[in-house]
Amino acid sequence: MITFGVIIMPFLFSACGSGNKEIGEAIAERDSLPMMTTLGVTTFISDSGITRYKVVTEEWLVYDRKNPSYWAFEKGVYLEQFDSLFNIEASVKADTAYYYDKTKLWRLSGHVDVKNRKGERFNTELLYWNQATKKIYTDRFIRIQQPDRIIHAHGFDSDEQLTQYQCRNIDGIFYVDEEEKPTAESDESFASADSLKTDSIGKK
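Residue indices begin from 1 for each chain and proceed along its sequence in written order. Selection of residues for local features in this predicted model requires a pLDDT of at least 70, selection of side-chain atom pairs for listing and counting requires 80 or more, and totals for whole chains, interfaces and linings are taken over all residues. Heavy atoms from the whole structure form the basis of all side-chain values; hydrogens and water molecules are not counted.

Asks: Just checking my understanding: could you explain the overall build of the chain for this structure?
Replies: Scanning the chain for helices and strands turns up one helix and 16 strands. Buried residues are those whose accessible area, probed at 1.4 Å on protein chains only, stays under 20% of the maximum for their type, while exposed residues exceed 50% and partly exposed ones sit between those limits. Counting the 204 residues in the chain, one finds 39% classified as buried. Two residues qualify as a contact provided that any one of their heavy atoms is within 4.5 Å of a heavy atom in the partner residue. Within the chain, contacts between residues separated by at least 24 positions form 39% of all contacts whose residues are at least 6 apart in sequence. Roughly 12100 Å² of accessible area belongs to the chain as shown, and the carbon and sulfur atoms make up 52% of that amount. Elements are defined by DSSP. Helices are runs of H or I of four residues or more, strands are runs of E of two residues or more, and each kind is numbered from the N terminus. A 1.4 Å probe and the Shrake-Rupley method give the accessible areas. Residues count as covered only by the protein chains that appear here.

Asks: What's the story with the pairing of strand β5 (residues 50-63) in this structure? I'm lost.
Replies: Regular strands place side chains that alternate from one sheet face to the opposite one. Here, a strand pair is defined by DSSP locating no fewer than two bridges between the strands. In the sheet, strand β4 (residues 36-47) pairs with β5 via 11 bridges, with the strands oriented antiparallel. Note on β5: the bridge partner recorded for L39 is E59. The pairing of β5 with strand β7 (residues 77-82) spans five bridges and is antiparallel. Along β7, the bridge assignment pairs T57 with V77. One ladder, built from three bridges, connects β5 with strand β6 (residues 70-73); its direction is antiparallel. Note that in β6 the partner of L61 across the bridge is A72.

Asks: What's the story with the environment of I136 in this structure? I'm lost.
Replies: By the secondary structure assignment, I136 is in strand β12 (residues 135-145). Each C-alpha atom, one on I136 and one on Y165, is 9.0 Å from the other, the two residues being 29 residues apart in sequence. Not counting residues up to four positions away in its chain, the partners in contact with I136 are L127, Y128, W129, F156, D157, S158, D159, E160 and L162.

Asks: Help me understand the nonpolar core in this model?
Replies: Most often, soluble globular proteins have nonpolar side chains that are buried together. Ranked by internal contacts, the top residues of the largest apolar core, which has 34 residues, are F73, L108 and F156. If we ignore the near neighbours within four places in the chain, the residues touching F73 are V55, T57, E59, W60, D95, T96, A97, Y99 and W106. For the purposes of this section, nonpolar cores are sets of buried Ala, Val, Leu, Ile, Met, Phe, Trp, Tyr and Cys residues that join through side-chain atoms within 4.5 Å.

Asks: Looking at this structure, how should I read the packing of aromatic side chains?
Replies: Pairs of aromatic rings are described using the distance from one ring centre to the other and the angle between the two planes. Note on aromatic pairs: the rings of Phe, Tyr and Trp (six-membered ring only in Trp) are paired at centre separations within 6.5 Å, and the planes decide the class, stacked below 30 degrees, edge-to-face beyond 60, tilted for the rest. Under the definition given, this model contains 15 aromatic pairs. Ring geometry for F122 against F156: centres 5.6 Å apart, planes inclined by 50°, an arrangement best described as tilted. A residue pair is termed long-range when its members are at least 10 positions apart, and F122 in strand β11 (residues 121-130) and F156 in strand β13 (residues 149-159) qualify at 34 residues. What links up through ring pairs into an aromatic cluster is the set W60, W71, F73, Y99 and W106. Throughout this description, the term charge over a ring refers to an Arg CZ or Lys NZ atom that lies within 6 Å of the ring centre and within 35 degrees of the ring normal. A cation sits over an aromatic face here: R52 above Y53, 6.0 Å from the ring centre.

Asks: Just checking my understanding: could you explain the pattern of salt bridges for this structure?
Replies: Think of a salt bridge as a Lys or Arg side-chain nitrogen and an Asp or Glu carboxyl oxygen that are within 4 Å of each other. Per the stated rule, a full pass over the model turns up nine salt bridges. The closest approach of N and O atoms between D101 and K102, which form a salt bridge, is 3.4 Å. What makes K102 exposed here is its relative accessible area of 64%.

Asks: What exactly am I supposed to notice about the side chain of E59 here?
Replies: Mapping E59 onto the fold places it in strand β5. Judged by relative accessible area, which is 14%, E59 ranks as buried. With near-sequence residues (within four places) excluded, E59 lies in contact with T38, L39, A72, F73 and K75.

The following block contains the structure:
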């Protein structure tokens, strides 16, 4: 369903019979209105002629006259990224999202929940996904759940597939099986670390 904004211009006629017309002021802020409003969306987006993304959202607003122009998903969004064989490489849920179409940049905020194809889970309140540079990053707190441990950090940089990433300003590393593996506080190799590079299977 596509809804276009309609501007209604009331015409007020003079009561004195002089023939002059008084015209109400036109709405000047055209760029403040969405060019397109679409409800109940499930759509696929291609990149270089190949279907790479699936978007599911309750409401999709397109602001084409803003500078910069953008798409707004203010009632939440779910995204999937595919490889060339349509396998899901990553999925993203966010309370709110804005997509800047000229620079191919996603700004995801609120409760952001990301999963990669290895089942690792990433949670933060603000995440940027740059499709032009194929990078995902944040400078906020992030929680990373791997099969054997959970990492808390402030700052994160990754490739688009979330297979090669780096955590910055690590607050702690907590192992799932505390009886067999040391905690972050007892492991001296992590206690003084400011950053951690890892791959999708959780290797240091």
